[in-house]
Amino acid sequence: MTLKQPPVLEMDPLIDDPETRIVVCCGSGGVGKTTSAAALGVRAAERGRKVVVLTIDPARRLAQSMGLTELDNTPRRVAGIDESLGGELHAMMLDMKRTFDEIVEAHADPERARAILDNPFYQSLSAGFAGTQEYMAMEKLGQLRGQEVWDLIVVDTPPSRSALDFLDAPNRLGSFLDGRLIRVLSAPARAGGRAGMRFVNLGMSGLSAVTGVLGKVLGTGLLKDVQTFAGAMDSMFGGFRQRAEATYRLLQAPGTAFVVVAAPERDALREAAYFVERLAADRMPLAGLVLNRVHGSGADGLGAERALAAAELLQEPADTSRAPADSGASGTEPDPPRTGGPAGKDGPTRTADTTRTADQERTADQERTADTTRTDPAVVEADAAGLLRLHAERMRVIARERRARDRFTALHPQVPVAEVPALPGDVHDLTGLREVGECLADQSPADPPPSDRSSSAAPTRPPTR
Amino acid sequence: MVTGKGGTGKTTVAAAFALALAEEGRRTLLVEVEGRQGIAQLFETEQLPYEERRIAVGPGGGEVYALAMDPEQALYDYLQMFYKLGSAGRVLRRVGAVDFATTIAPGLRDVLLTGKACEAVRRRTRSGEFRYDAVIMDAPPTGRITRFLGVNDEVAGLARVGPVHNQAQAVMRVIKSPETAVHLVTLLEEMPVQETADGIGELRRAGLPVGSVLVNMVSTARSGLLPPDFDPARYTAGAGRTALAKAFATAGLGGARRGGKADRLVEPLLREALEHTARVATEAERRAEVADFGLDTKEFEMLTEGVDLAGLYTLAERLREQGVPR
């Protein structure tokens, strides 16, 4: 309970800071990454920044809420944003194949571009097998940043199986396209193997061993496609690795902020801890952790154990433990319709009934509309017990979530945390995104004790006991 | 094959599945393809190597084996098994071909993973029986599953002849056979249900066998906590509110007067009840949508304490009660 609280992730100062140019939301699947990215985008725009949100695969209705109806590679202005402070929100969904095609078209003469685009190997590669999605997201990020049109770019990362893919992709694909293998592969297509030797230093026999193995495994047809592809790519992608490295450096730059998103569950937080460690290892600037869908309670002073004990106390008259003493009068009480009158009730409740007369006059209007079971003590007590049991469940969930969070905080006490309460229902419109943004920015302790508010609003009344 | 949107508890359900099948006295293999060591964590064992290892025993003498897939090792396996190319692996590695094959090459990684799983499905013991009664794969998420399973079709198209072509076709025959079923894990929430619907459509269009819908983390089980005719409107104001505060006071939770400890419970507890009933109501809507899929459906309740080893056995038991899908 009194475990050291992590520092608070201050979202508004982060997104307001003109130095902040890129926010990358990362985390495992299903933790609300896309929603967080969109909510940050909406908030930053309404606070006066010109923002573009780059999403990878948003849920349909979330995409619609931002006016994204189709995959296309151009940012579109989102309607319905309060632009009074001079901000704008644009959003785009990444079209992986299109991004890849654009790179080819931009860097090769039309004839060569056609040869590449028509190559079956290229078509498979660009249509999105492992790694390409990450790479293209980073490529697009580099492009958007290079345009110098946006104050802030918010990126929603692909739902990678692990952080590794996401950070490694640029270098991997870059090193492949710019590397030794592709030169080996493209060698026969160029100078009959001699070029391959120059680069690979395997000697003639080594080279033919490689192509021999590949030919045997892939089949000569596929190998030929790969070789043609590699040959066509080779000349234009000399700088491919450079691009990948530039993007990587961009991510390390001070203007970038990584936000790790997680749900308050053991698995998601384990992934989040891994992300934090990985980002540190790659010297990527981490802003903090966003913890989505955190449960809270306005009555967290009442613990699960005590709530359950109280519920049992209230249900006692309906239980067999008490039935024999009441000579069967309460025997009818466990029935679902709960017709039980005050017969089986104990002293305090009945006393309370009689002292209520004054209140009842005051609220006579409300009373009139109610059915007679409304203040039936048996019904009230059963309901009260139900509420207490439900609260006990809630407190258990809260305790579990806190344990998960504390575990993360114990490992990474320096990482600032922002919590977003569990909202009923899914977020699929701008209002919902605004609400999430509000919660992200407002990290004051949730649910101030309602006593002050209600006691000032309520009519003064004498104590009932 | 068990798939599902990220965060739906795919790995947990796959593990419960393997356990439920093993409880029937059979031998099952649980295969992990995403390299997260989720299975080891669930079964509270040390990290799993690339090796089939027994990790749990069911009451009926059944056994659960687990295999954490490693694409690189699978590639060497594959080269050795089909081409007797043990040493060639090193040469390929030197030029970066292994890295290429296991991370970037179009679908090769997925070919290796599905290929290895199919090999386990078809493997027989010396006496000619199948080594495993069932192979359960904790497969990639719903958004990727069709591509993952269909990759061999694509590869067979790319490599029009040759050993890769033949291997890819053999794997595809196993995947499309009636012995394979793709089960989809979902939650009773909008996005997971939507994604499940999309996934079912995609699988069907690709001619892949759709199995059951496994609904995880259902909180409706808790609706029994409140009386069935509970109506929060009774207590929001006036005498109802006072009566509720008094009931709390009776239970020893403080004073019922305005601002007293018991009175201060009324608002937050009613709010919790409203959130709960709203959640139950949306779950009912989502459940109706899931029913519209017209597929066999199983439900697992939300475990308040999270999933530990005991929770895993509980889920396996629930699956057995509802009948383990084939």
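Nothing here was measured: the structure is a model prediction, and the numbers come from that model.

Quick notes on the rules
Residues numbered from 1 in each chain as written. Chains lettered and ligands numbered in written order. Predicted model: local features only at pLDDT ≥ 70, side-chain atom pairs only at ≥ 80, totals over all residues. Heavy atoms only, no water. Core = buried A, V, L, I, M, F, W, Y, C linked by side-chain atoms within 4.5 Å. Buried < 20%, exposed > 50% of the residue type's maximum accessible area, 1.4 Å probe, protein only. Contact = heavy atoms within 4.5 Å. Phe/Tyr/Trp six-rings, centres within 6.5 Å; stacked < 30°, edge-to-face > 60°. Lys NZ or Arg CZ within 6 Å of the ring centre and 35° of its normal. Salt bridge = Lys/Arg side-chain N within 4 Å of Asp/Glu carboxyl O. Helix = DSSP H or I, 4+ residues; strand = E, 2+ residues; numbered from the N terminus. Pairing = 2+ DSSP bridges. Axes fitted to C-alpha atoms, helices over the stretch in contact; angles between N-to-C directions. pLDDT = per-residue confidence, 0-100. Expected span 1.5 Å × (residues − 1). Polar contact = N/O pair within 3.5 Å; in protein donor to acceptor, adjacent residues only side chain to side chain.

### A short note on the nonpolar core
Next, step 1: Of all hydrophobic cores here, the largest spans 93 residues; its most connected members are A:Leu289 and A:Leu433.
Next, step 2: If near-sequence neighbours (up to four positions away) are discounted, A:Leu289 is found in contact with A:Leu9, A:Val260, A:Ala262, A:Leu269, A:Ala272, A:Phe408, A:Val415, A:Pro416, A:Val417 and A:Ala418.

### A look at the packing of aromatic side chains
Residue and element names in this part refer to chain B.
Next, step 1: Following the criterion strictly, the structure yields two aromatic pairs over all chains and no others.
Next, step 2: Aromatic side chains phenylalanine 230 and tyrosine 235 sit 6.3 Å apart centroid to centroid with 25° between the ring planes, which places their arrangement in the stacked category. Of the two residues examined, phenylalanine 230 and tyrosine 235, each falls in the buried class.
Next, step 3: Positioned over the ring face of phenylalanine 130 is arginine 124, at 4.1 Å from the centre of the ring.

### Let's talk about the pattern of salt bridges
Residue and element names in this part refer to chain A.
Next, step 1: Tallied over the entire structure, the rule returns 42 salt bridges over all chains.
Next, step 2: Put simply, glutamate 88 and arginine 77 hold a salt bridge, and the shortest N to O gap is 3.7 Å. Of this pair, glutamate 88 sits in strand β4 (residues 88-93) while arginine 77 sits in strand β3 (residues 76-77), and the two are eleven residues apart along the sequence.
Next, step 3: Residue class for glutamate 88 comes out buried when judged on its relative accessible area of 17%.
Next, step 4: What you see here is one network of salt bridges that share partners, running through Lys97, Arg98, Asp101, Glu102, Glu105 and Lys140.

### Looking at the pairing of strand β1 (residues 22-26) of chain A
Residue and element names in this part refer to chain A.
Next, step 1: Burial runs high along β1: five of the five residues are buried.
Next, step 2: Residue alternation in β1 divides its side chains into two sets, Ile22, Val24 and Cys26 and Val23 and Cys25, and both sets are buried.
Next, step 3: Relative to strand β5 (residues 152-156), β1 runs parallel, the two sharing four bridges. When the sheet's bridge partners are listed, valine 23 is paired in β5 with valine 154.
Next, step 4: The pairing of β1 with strand β6 (residues 256-262) spans five bridges and is classified as parallel. Note that in β6 the partner of cysteine 26 across the bridge is valine 260.

### Overview of the sheet that holds β3(A)
Residues and elements named next belong to chain A.
Next, step 1: What the eight strands build is an open sheet, ordered β3-β4-β2-β5-β1-β6-β7-β8; its pairing is mixed. In this open sheet, the two strands that pair with only one neighbour each are β3 and β8 (417-421).
Next, step 2: Pairing analysis gives four bridges linking strand β2 (residues 50-55) to β5, with the strands arranged parallel. Opposite leucine 54, over in β5, you have valine 155 as the bridge partner.
Next, step 3: Relative to the sheet, helix α14 (residues 266-281) contacts β1, β6 and β7 (286-294), its axis offset from that of β6 by approximately 160°.

### Let's talk about the confidence of the model for chain A
Detailed reading of the predicted coordinates is not advisable wherever pLDDT falls low.
Residue and element names in this part refer to chain A.
Next, step 1: Overall, the prediction assigns chain A a mean pLDDT of 74, with 63% of residues at 70 or greater.
Next, step 2: Ranking the helices and strands of chain A by mean pLDDT puts helix α1 (residues 11-16) first, with 96, and helix α21 (residues 451-457) last, with 37.
Next, step 3: In the model, residues 189-204 has pLDDT below 50 throughout and makes 25 contacts with residues more than four positions away in sequence or in other chains.
Next, step 4: In this model, residues 318-373 is a region of pLDDT below 50 whose contacts with residues beyond four sequence positions or in other chains number 60 contacts.

### Quick word on helix α19 (residues 377-411) of chain A
All names here are of chain A.
Next, step 1: Taking 1.5 Å of rise per residue, 35 residues should cover 51 Å, and α19 covers 50 Å from first to last C-alpha, within 8% of that figure.
Next, step 2: α19 sits mainly inside the fold: 27 of its 35 residues count as buried.
Next, step 3: The opening residue of α19, the one whose side-chain oxygen lies 2.9 Å from the backbone nitrogen of alanine 378, is aspartate 376.

### Remarks on unusual backbone geometry
Next, step 1: In this structure, A:Arg283 is a non-glycine residue whose phi angle is positive, near 50°.
Next, step 2: Along the chain, A:Arg283 falls in the loop between α14 and β7.

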